[in-house]
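Residue-level structure breakdown
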Amino acid sequence: MTRNDTCPGACEHQEDETEYYERVFDPMQTDRRARRKRKPVPRQLPKKPEEQIMEELADPIGLEGGFNTTYRPGQHEEQWLLSSLRSFYDQELITDVLAQVKGGKEASVYRCAAHPTVGSPFLASKVYRPRMFRTLRNDAVYRQGRQILTAEGRPVKTTDHRIMRAIGKKTVFGVQVMHTSWLMHEYNTLECLYHAGGAVPRPAAASENAILMSYHGDAQMAAPTLNTVRLDYGEAVLLFREVLRNVELMLQHDLIHGDLSAYNVLLWENELTIIDFPQAANSCANTEAYRILKRDIERVCDYFEGQGVRCDPSAIVDDLWSRYPGVEGGDRAADLSALEALSLE
Ligand SMILES: Nc1ncnc2c1ncn2[C@@H]1O[C@H](COP(=O)(O)OP(=O)(O)OP(=O)(O)O)[C@@H](O)[C@H]1O
Ligand SMILES: [Mg+2]
């Protein structure tokens, strides 16, 4: 892939990514003036439509590469989708993409046919939109206290000047690093919670733009999210307890979901599965941990109260926080959404 200062997809002046970063950020480079001279003057290039950039971003693989899909992606979705899922196909985890489950602001989820060795007929792939088109919720609040993760899920060393400077300067490469890190946090959180006995999808694999996990649902439909389901009282009480068991399990691993609500809980055959973890916050390193937890519990209680369960969100949060105290710092009373708006970087 090639990079350009001003427009990542529209590379008129192209060079290899490594060459670019060596030229601009090489910490051994002392001749700053010469370096500045060589730095290309950013030029205003005409804006290209999102679809065209999507096509240019994707590696040039396609149906001729042997990856046929039953699902017919839109013309502009195809290259991005296939290149994002290609490594799962090559690893013999999936054999086909069968349907789109949901197209979201941040990612689209697809039902894939699993390879016979997987042991279940389907897998779900969550394909993140290209970094520049993701409607980023303001993630600074959640990233506080988290490490930056590589595509292999390992933390980036803060002594890695090349990456740290790229992130600081928000270069194309730096933004890609943050994009991958965001996704790898989702994957690592799934791994941690799944192995701890959490009601979360089983993670199967991750790539730079996608995660692969167990699929909940059947060939006709994916599991509905809880907000679309009406429960009877007995069922609601059991499921409420199960959500709280999971919140507690997360706290035992210093984690808070950060976007927990009925919209991110799937229900299938009386079993719930909690999804959507990229913003999971570290309760022992994030000074907003208390507020993030409080909002999660309030949103969960909103739904279950609507199903007839009596809940006291403040009492639940205080009980959890007293047993799993996290880091203190932020103003507990302040509104988290106001903070999200304030902390735009
Ligand atoms: N493992 C899964 N099995 C079945 N369906 C899933 C799975 N994971 C996600 N989905 C479906 O895909 C939708 C989007 O997933 P997710 O919430 O992780 O992404 P998102 O980008 O946050 O989307 P949104 O903005 O709609 O919340 C879910 O609401 C759910 O309907
Ligand atoms: Mg979601």
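The structure under discussion appears in the preceding block.
Residues numbered from 1 in each chain as written. Chains lettered and ligands numbered in written order. Predicted model: local features only at pLDDT ≥ 70, side-chain atom pairs only at ≥ 80, totals over all residues. Heavy atoms only, no water.

Considerations on the sheet that holds strand S4 (residues 107-114)
Counted only if it meets this: A strand pair is defined by DSSP finding two or more bridges across the two strands. To qualify as a helix, a DSSP run of H or I must reach at least 4 residues; to qualify as a strand, a run of E must reach at least 2; elements of each kind are numbered from the N terminus. Angular values range over 0 to 180 degrees, each being the angle between N-to-C directions of two axes fitted as lines to C-alpha atoms, with helices fitted over their stretch in contact. Residue contacts are defined here by distance: any two heavy atoms, one from each residue, within 4.5 Å place the two residues in contact.
Spatially, five strands are ordered S3-S4-S5-S7-S6 in an open sheet, and the strand pairing comes out antiparallel. Two strands lie at the open edges of the sheet, namely strand S3 (94-103) and strand S6 (203-206), each paired on one side alone. For this sheet the average axis-to-axis angle between neighbouring strands, irrespective of direction, equals 25°. As paired strands, S4 and strand S5 (residues 122-128) are joined by seven bridges and run antiparallel to one another. Each bridged residue has a counterpart across the sheet, and for serine 108 the counterpart in S5 is valine 127. Sheet contacts for helix H4 (residues 75-90): S3, S4, S5, S6 and strand S7 (210-214); angle to S3, the most-contacted strand, approximately 130°.

Re the packing of helix H6 (residues 161-168) against helix H7 (residues 172-195)
Note the threshold: Here the angle decides the label: under 35 degrees means roughly parallel, over 145 means roughly antiparallel, 65 to 115 means roughly perpendicular, and every other value means oblique. Under this grouping Gly is polar, as are all residues other than the nonpolar Ala, Val, Leu, Ile, Met, Phe, Trp, Tyr, Cys and Pro and the charged Asp, Glu, Lys and Arg.
Two elements in contact, H6 and H7, have axes whose closest approach is 7 Å; the angle formed by their N-to-C orientations is 95°. With respect to H7, the axis of H6 lies roughly perpendicular. Here H6 contributes Arg162, Ile163, Ala166 and Ile167 to the contact with H7, which in turn contributes Phe173, Gly174, Val177 and Met178. In terms of residue class, the contact of H6 with H7 is made up of six nonpolar, one polar and one charged.

Focus: the site of ligand 1
The following threshold applies: Whether a residue is near a molecule or strand depends on its heavy atoms: if one lies within 4 Å, it is near. Any pair of nitrogen or oxygen atoms within 3.5 Å is treated as a polar contact; in protein, a donor-acceptor pairing is required on top of that, and neighbouring residues in sequence qualify only through side-chain atoms on both sides. With residues, only the protein chains shown are counted as cover, and all accessible areas are computed by Shrake-Rupley using a 1.4 Å probe. A cavity, in this analysis, means grid points on a 1 Å lattice covering only the protein atoms where a 1.4 Å probe fits yet has no way out; a pocket is instead an open set bounded by protein on both sides within 12 Å along at least five of seven lines, and a residue lines either one if it has an atom within 4 Å of a point. More than half of a molecule's atoms lying within 2 Å of a cavity's or pocket's grid points is what places that molecule inside it.
Taken together, 19 residues surround ligand 1, and among them Lys102, Lys126, Ser214, His216 and Asp276 come closest. Between an oxygen atom of ligand 1 and a side-chain N or O atom of lysine 126, the distance comes to 2.8 Å. Aspartate 276 has a polar side-chain atom sitting 2.5 Å from an oxygen atom of ligand 1. Burial of ligand 1 by the surrounding chains reaches 91%, relative to a free accessible area of 600 Å². At a threshold of 2 Å from the grid points, most atoms of ligand 1 map onto the largest pocket. The residue makeup of the shell around ligand 1, split by class, is 10 nonpolar, four polar and five charged.

Considering empty space enclosed by the protein
The line we're drawing: Grid points are joined across faces, edges and corners, and a volume is the space filled by probe spheres set on the points.
According to the stated counting rule, one finds three cavities of 30 Å³ or more in the structure shown. Lining the largest cavity are Thr287, Glu288, Ala289, Tyr290, Arg291, Val327, Glu328, Gly329, Gly330, Asp331 and Arg332. Counted by class, the lining of the largest cavity contains three nonpolar, three polar and five charged residues.

In short, shape yes, function no, at least from these values alone.
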